[in-house]
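Coordinate analysis (summary)
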Amino acid sequence: MINSMGKIVLASVFVAGAFVATAFTGVQAQQDLTIEQVKEGLYAIMGSGGNVGVRVTSEGVILIDDKYPQNFADIQALVATVSDQPVRYVLNTHHHGDHAGGNVEYINIAEIIAHQNARDNMVRGNQDAPPRVVFTDQTAVYLGGVQVRAFYMGTGHTNGDAVIYFPDLRTVHGGDLLHGTAPFIDYANGGSSAGWVATMNNVLALDFDTAIPGHGAIMDRSDVVAFRNQMEAVRARMADLIRAGTSKDQASERIRAQSLSWTMAENGLFMQRSIPGFYDEIAAGLP
Ligand SMILES: [Zn+2]
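What comes next is a walk through the structure.

What counts and how
- Residues numbered from 1 in each chain as written.
- Predicted model: local features only at pLDDT ≥ 70, side-chain atom pairs only at ≥ 80, totals over all residues.
- Heavy atoms only, no water.
- Helix = DSSP H or I, 4+ residues; strand = E, 2+ residues; numbered from the N terminus.
- Buried < 20%, exposed > 50% of the residue type's maximum accessible area, 1.4 Å probe, protein only.
- Contact = heavy atoms within 4.5 Å.
- Areas by Shrake-Rupley, 256 points an atom, 1.4 Å probe, with all protein chains shown as cover.
- Donors = N, O, S within 2.8 Å, 3.2 Å for Na, K, Ca; no water.
- Tetrahedral: all angles 85-135°; square planar, octahedral: opposite > 155°, others 65-115°.
- Core = buried A, V, L, I, M, F, W, Y, C linked by side-chain atoms within 4.5 Å.
- Axes fitted to C-alpha atoms, helices over the stretch in contact; angles between N-to-C directions.
- Parallel < 35°, antiparallel > 145°, perpendicular 65-115°, else oblique.
- Nonpolar A, V, L, I, M, F, W, Y, C, P; charged D, E, K, R; others polar.
- Arc of directions from axis to C-beta.
- Salt bridge = Lys/Arg side-chain N within 4 Å of Asp/Glu carboxyl O.
- Pairing = 2+ DSSP bridges.
- Right-handed = clockwise from strand over helix to strand, strands pointing away.

Scanning the protein chain from N- to C-terminus turns up 10 helices and 16 strands. Looking at the protein chain residue by residue over its 287 residues, the buried ones come to 53%. Long-range contacts, defined here as pairs at least 24 residues apart, represent 57% of the contacts in the protein chain between residues at least 6 apart. When the accessible surface of the protein chain is totalled, it reaches about 12,300 Å², and 51% of it is carbon and sulfur.

Listed below in structure tokens is the structure:
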């Protein structure tokens, strides 16, 4: 169906799996996925899990990320609303299960590609269906006259974030290097706030006017600049707090500031997820 926003909404429902063994508990509505056009030939599937990029070509579809395993059927159905071609490639932006979980299904029908470090993180975390094809600096898929590039531009959200670039559309898919609410610095998997700023500067060296973030609404170039600037501002604020003698326990509360939306998001919980690693990283960099 088409909702009031003009997006195609897939209102899937499933019967709770346990009803056979227990009492029928009713029909549970899954979180709806929606597909929206980003540019001619490029769509984004929003909703549960990370945003999926859908690059349509005459010889097949290239997906960027594939959400959770349970989203596979809905993703396939939404892709079918914009193309009669099969999904032939999936580029994973990083290893997290809300972006690469669907690999367990897609590995049977498509070639999955990720950064070497993202694959290593998947293997270390015992995730199913790591990609068979990896890259280190950059790679590209050429399909149906369309070029989709994947770059490693440095650490940030993790140590294996791929920046996906659609040069003809002047659009990037940033994975969780771009987040609509507030970023998570995954220190356990090589994340770094200092690296993140440098990586964002590398992203901004690309010629683009539109960006698909890992989560949240489609961004323009100024949103990406603002994201980079807030990363610098949050780093500076943490450095000030540490210089003022703030303890690690106090930092997650004291970093909150109205001028820094990330620190206020969901009552500060978003930044708290990245502390204490963030505290330690900034403290280690102070003279
Ligand atoms: Zn992530």
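After presenting the structure, the write-up continues.
On to the coordination of the zinc ion, then. The zinc ion binds to the protein through His 94 (NE2), His 96 (ND1), His 157 (NE2) and Asp 176 (OD), with metal-donor distances spanning 2.2 Å. Of note is the zinc ion, whose four donor atoms meet at the metal with angles of 86 to 167 degrees in an arrangement that counts as irregular.

Here the focus is the nonpolar core. The biggest cluster of nonpolar side chains holds 38 residues, and the ones touching the most others in it are Leu 206, Phe 208, Val 224, Met 238, Ile 255 and Phe 278. Counting residues per element, the ones that place at least two in this core are β13 (162–166), β14 (171–179), α5 (193–204), α6 (221–243), α9 (269–274) and α10 (277–285). At eight residues, the largest contribution of residues to this core is made by α6. Beyond its immediate stretch of four places on either side in the chain, Leu 206 contacts Phe 151, Met 153, Val 163, Tyr 165, Val 172 and Arg 221.

To continue, consider the packing of α6 against α10. Between α6 and α10, the shortest axis-to-axis distance is 9 Å and the interhelical angle comes to 75 degrees. When the axes of α6 and α10 are compared, the pair comes out roughly perpendicular. Contact residues: α6 offers Val 234, Arg 235, Met 238, Ala 239 and Ile 242, while α10 offers Phe 278, Tyr 279, Glu 281, Ile 282 and Ala 283. Class assignment of the residues belonging to the contact of α6 with α10 gives a composition of eight nonpolar, no polar and two charged.

Once that is clear, we can look at helix α4 (residues 116–124). All of the buried residues in α4 are Ala 118, Asn 121 and Met 122. What you see down the axis of α4 is that its buried residues fit within an arc of 100 degrees, all on one side. Among the structural elements, α2 (97–100), α3 (103–106) and β9 (111–115) are those in contact with the buried residues of α4. In the segment just after α4, Asn 126 is the residue with positive phi, at about 55 degrees.

Looking now at the pattern of salt bridges. A full pass over the atoms with the stated rule returns eight salt bridges. Put simply, Lys 39 and Asp 209 hold a salt bridge, and the shortest N to O gap is 2.8 Å. Placement of Lys 39 in strand β4 (residues 33–39) and of Asp 209 in the loop between α5 and β15 (210–215) is noted, with a sequence separation of 170 residues between them. Overall, Asp 209 belongs to the partly exposed group, its relative accessible area being 29%. One salt bridge connects Arg 235 with Glu 281, and the closest N-O pair in it is separated by 3.5 Å. In this pair, Arg 235 sits in helix α6 while Glu 281 sits in helix α10, placing the two residues 46 residues apart along the sequence. Of the residues examined, Arg 235 reaches a relative accessible area of 25% and is grouped as partly exposed.

To continue, consider the pairing of β9. Here β9 lies mainly inside the structure; four of its five residues are buried. Where β9 lies against strand β10 (residues 133–135), three bridges are found, and the strand directions are parallel. The partner of Ile 113 across the bridge, within β10, is Val 133. Note on the crossover from β9 through α4 to β10: the handedness is right-handed.

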